[in-house]
Amino acid sequence: MCAAGRYIQVNRPDTGGCGQRNKVRKMIWVILIAAVVSGMAFVRLAPTDVSRWHRPIGDAQTTDGEGWSARVVPAPPGLLSDLHQAMLALPRTERVAGGVGEGRLTYITRSKWMGFPDYTTIEQDGATIKLYARLRFGKSDLGVNGRRLDGLLERVRAKRTEG
């Protein structure tokens with residue numbers, strides 16, 4: 001029996017025994033860990049292409065899709081500014097492009113543990129405001145973007161009714 005508690009094939013000494021197998025297992029673990037760390041670094045450090053994410057929303061309606069959500073609400077005076085302030089108050093969120101004066105703002109919000117980026121665009125279109133949130137990587141956001149938009153709208157409504 002070798003030190004790791006496994007039997008050595010005594011009739012085949014050229015196979016390397018437990019030492020060889022342990023080295024292979026360690027190598028596989030090192031490769032797996034390196035792949036996971038590389039993937040996490042890519043997700044966190046991938047640059048944001050502003051021209052891809054900061055675009056007009058176009059026709060929209062309140063709905064949820066696979067990896068995205070949209071909301072359309074009436075736009076009383078000052079709502080775009082209030083939504084902008086509420087977005088900036090969200091954890092791990094920063095403005096990517098646009099401004100209130102432009103009528104369109106785009107933000108990036110990263111997930112807490114892995115740092116997956118989601119992009120949210122808020123745009124005033126006449127008497128309505130359109131909100132469009134979508135993920136960058138993967139296919140499903142598990143409803144996170146819809147909940148973020150609903151929570152954002154609820155916080156702004158609550159602030160406007162109390163003040």
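Residues numbered from 1 in each chain as written. Predicted model: local features only at pLDDT ≥ 70, side-chain atom pairs only at ≥ 80, totals over all residues. Heavy atoms only, no water.

(A) Summary view of the environment of Lys130. Note that Lys130 resides in strand E6 (residues 128–135). The exposure class of Lys130 is buried, given its relative accessible area of 7%. Separated by 68 residues in the primary sequence, Lys130 and Thr62 have C-alpha atoms spaced 8.7 Å apart. Beyond its immediate stretch of four places on either side in the chain, Lys130 contacts Ile57, Gly58, Asp59, Ala60, Arg71, Val72, Thr121, Ile122, Glu123 and Asp125. Looking at Lys130, its side chain comes within polar contact range of the main-chain oxygen of Gly58, at 2.6 Å. (Helix = DSSP H or I, 4+ residues; strand = E, 2+ residues; numbered from the N terminus. Buried < 20%, exposed > 50% of the residue type's maximum accessible area, 1.4 Å probe, protein only. Contact = heavy atoms within 4.5 Å. Polar contact = N/O pair within 3.5 Å; in protein donor to acceptor, adjacent residues only side chain to side chain.)

(B) Spotlight on the packing of helix H3 (residues 79–89) against helix H4 (residues 144–162). Viewed as axis vectors pointing N to C, H3 and H4 meet at an angle of 120 degrees, and their least axial separation amounts to 10 Å. Relative to H4, the element H3 is oriented oblique. Two packed elements cross with a definite hand, and for H3 against H4 that hand is right-handed. Residue-level contacts link Leu79, Asp82, Leu83, Ala86 and Met87 of H3 to Leu152, Leu153, Val156 and Arg160 of H4. Considered class by class, the residues forming the contact of H3 with H4 number 7 nonpolar, no polar and 2 charged. (Axes fitted to C-alpha atoms, helices over the stretch in contact; angles between N-to-C directions. Parallel < 35°, antiparallel > 145°, perpendicular 65-115°, else oblique. Left-handed = near helix turned anticlockwise from the far one by under 90°. Nonpolar A, V, L, I, M, F, W, Y, C, P; charged D, E, K, R; others polar.)

(C) Examining unusual backbone geometry more closely. For Arg92, which is not a glycine, the phi torsion comes out positive at approximately 60 degrees. Secondary-structure assignment places Arg92 in the loop between H3 and strand E3 (93–99). Here Leu142, not a glycine, exhibits a phi torsion of approximately 55 degrees, which is positive. Relative to the helices and strands, Leu142 resides in the loop between E6 and H4. We classify Leu142 as exposed; its relative accessible area is 70%.

(D) Summary view of the packing of aromatic side chains. Taken as a whole, this structure holds 2 aromatic pairs when the rule is applied. Residues Trp53 and Tyr119 carry aromatic rings whose centres are separated by 4.2 Å and whose planes lie at 10 degrees to one another, so their mutual orientation is stacked. Of this pair, Trp53 sits in helix H2 (residues 50–53) while Tyr119 sits in strand E5 (residues 117–125), and the two are 66 residues apart along the sequence. Its relative accessible area of 6% is what places Trp53 among the buried residues. Taking the relative accessible area as the measure of exposure, Tyr119 reaches 0% and is therefore buried. (Phe/Tyr/Trp six-rings, centres within 6.5 Å; stacked < 30°, edge-to-face > 60°.)

(E) Broad picture of the environment of Arg55. With respect to the secondary-structure elements, Arg55 resides in the loop between H2 and strand E1 (63–65). Put simply, Arg55 and Gly98 are 43 residues apart on the chain and 9.8 Å apart in space, counted from C-alpha to C-alpha. Once you skip the residues sitting within four places of it in the chain, Arg55 turns out to touch Arg104, Thr121 and Glu123. In terms of polar contacts, Arg55 uses its side chain to reach the backbone carbonyl oxygen of Ser51, at 2.9 Å.

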